[in-house]
Amino acid sequence: MTLWNQPLADHEITITTDWTLRHEIENETAEEYVLEFAGQGWQRRADGILQHDELGAGTLTIDETSEDGTNVYMFINLDRIWLNETMDGAELTSQLFEMAGSGNMTIRSQEDDTNTVITANVVESYILRSVVNGIVEEEFTLEANGELNLSTVTNDSSINLEGDLSLLLVQYHDLDGVRLLDYTEFQATAELEIQEGGAYIFIDVSEMYNLNHEVNGTLIAQHERVKGDGTFFWSDTNDDNGT
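Source: prediction; values computed, not measured.

(A) Expanded view of the overall build of the protein chain. Within the protein chain, the secondary structure is distributed over 0 helices and 11 strands. The C-alpha radius of gyration of the protein chain comes to 25 Å, more than 25% above the 18 Å expected for a compact globule of 243 residues. Dimensions along the principal axes, computed over C-alpha positions, put the protein chain at roughly 100 × 35 × 30 Å. The buried share of the protein chain, taken over its 243 residues, is 32%. Across the protein chain, contacts joining residues at least 24 apart in sequence account for 52% of those joining residues at least 6 apart.

Rendered as structure tokens:
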């Protein structure tokens, strides 16, 4: 929440603003959010009620690492940032913060011997956060496409997947700490190579699809599909014979 040091006397003015908002948390996880804004605004106080509006553009940088070590780095060029605030005296009674733009994103994770990297272009992003009489509401939408890579290497085997991510869609809506909507959709194609011992498998994955949709904590739809074809080679060789 943003709290402005505002004059209490009645007034009406136009303003030009340039500010940076930084948020950092370090515990079991690590989070850093940096919002930079440049724009113009208007504010008016009458009968003790202040209305404050700002419209501009800027950038949003997110660097977040979860407990399992997964890192999400996102840089968004925000072509629209809208801020609306209402104060009664010195008390903030409502605040609406809306942002939209596009940019890029990288997701990295490591689990045991498996490394996964997703490099994506963020085609559209939308963030809305409002606080009215102490009740917080948040909406988030992200649509992206790009490339994905998964690799696993052990002493006697390796797995490598190179793919094109055609759609990554993430949406959620929270109200007063309750998740009303949780939606994730993933679509991709890939080439998969597996080598283990004397076996080699190549699969042309023509479809990778994952959907998860929940409303008010109730599962509405869940679907996962992987489809492809390919070839395999197997060899068993010892001192006596070879195949």
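(B) Summary view of the pattern of salt bridges. Across all of its chains, the model carries 7 salt bridges by this definition. In this structure, a network of salt bridges that share partners links the residues D174, R179 and D182.

(C) Geometry of the pairing of strand β3 (residues 49–65). The pairing of strand β2 (residues 30–46) with β3 spans 17 bridges and is classified as antiparallel. Bridge assignment links V34 to a residue of β3, and that residue is T61. Pairing of β3 with strand β4 (residues 71–88) involves 16 bridges; the strand directions are antiparallel. Each residue of the ladder has a partner; that of H52, found in β4, is E85. Between the antiparallel neighbours β3 and β4 lie 5 residues, among them G69 with a positive phi of about 95 degrees.

(D) Region of interest: the pairing of β4. Here β4 runs beside strand β5 (residues 91–111); their pairing, made up of 17 bridges, is antiparallel. Within the sheet, the bridge partner assigned to N84 lies in β5 and is L96. The hairpin formed by β4 and β5 contains 2 residues between the paired strands, and G89 there has a positive phi angle of roughly 70 degrees.

(E) Structural view of the sheet that holds strand β10 (residues 199–215). Ordered in space as β1-β2-β3-β4-β5-β6-β7-β8-β9-β10-β11, the 11 strands form an open sheet in which the pairing is antiparallel. The open sheet has two edge strands, β1 (11–26) and β11 (218–234), and neither has a second partner. For this sheet the average axis-to-axis angle between neighbouring strands, irrespective of direction, equals 5 degrees. Alignment of strand β6 (residues 114–132) against strand β7 (residues 135–153), held across 18 bridges, turns out to be antiparallel.

(F) Quick look at the layout of surface pockets. Put simply, the largest pocket is a space of about 1,000 Å³. Contributing to the lining of the largest pocket are 31 residues, with Y33, I62, I127, F140 and Y172 lying nearest its centre. Of all the secondary-structure elements, those providing two or more residues to the lining of the largest pocket are β1, β2, β3, β4, β5, β6, β7 and β8 (157–175). Ranked by residues supplied to the lining of the largest pocket, first place goes to β5 with 5 residues. Here the lining of the largest pocket is built from residues that sort into 20 nonpolar, 6 polar and 5 charged. Along the walls of the second largest pocket sit I107, I118, L168, T184, F186, M208, Y209, N210, E224, R225 and V226, which together make up its complete lining. Counting residues per element, the ones that place at least two in the lining of the second largest pocket are β9 (178–196), β10 and β11.

(G) Looking closely at a negative patch on the surface. On the surface, a cluster of negative charge is made up of E147, E162, D164, E191, E193, D204 and D229. Those elements that place two or more of their residues in the negative patch are β8 and β9. Mapped onto the secondary structure, E193 falls in strand β9. The class of E193 is partly exposed, set by a relative accessible area of 31%.

About the cut-offs
Residues numbered from 1 in each chain as written. Predicted model: local features only at pLDDT ≥ 70, side-chain atom pairs only at ≥ 80, totals over all residues. Heavy atoms only, no water. Helix = DSSP H or I, 4+ residues; strand = E, 2+ residues; numbered from the N terminus. Rg over C-alpha atoms; globule rule 2.2 N^0.38 Å. Buried < 20%, exposed > 50% of the residue type's maximum accessible area, 1.4 Å probe, protein only. Contact = heavy atoms within 4.5 Å. Salt bridge = Lys/Arg side-chain N within 4 Å of Asp/Glu carboxyl O. Pairing = 2+ DSSP bridges. Axes fitted to C-alpha atoms, helices over the stretch in contact; angles between N-to-C directions. 1 Å grid on protein atoms, 1.4 Å probe; cavity = no way out; pocket = protein on both sides within 12 Å on 5 of 7 lines; lining within 4 Å. Points joined across faces, edges and corners; volume = space filled by probe spheres on them. Nonpolar A, V, L, I, M, F, W, Y, C, P; charged D, E, K, R; others polar. Patch = residues over 30% accessible without salt bridge, like charges linked within 9 Å, V, L, I, M, F, W, Y side chains within 5 Å. Areas by Shrake-Rupley, 256 points an atom, 1.4 Å probe, with all protein chains shown as cover. Lys, Arg positive; Asp, Glu negative; His and termini not counted. Charge placed at Lys NZ, Arg CZ, Asp CG, Glu CD.

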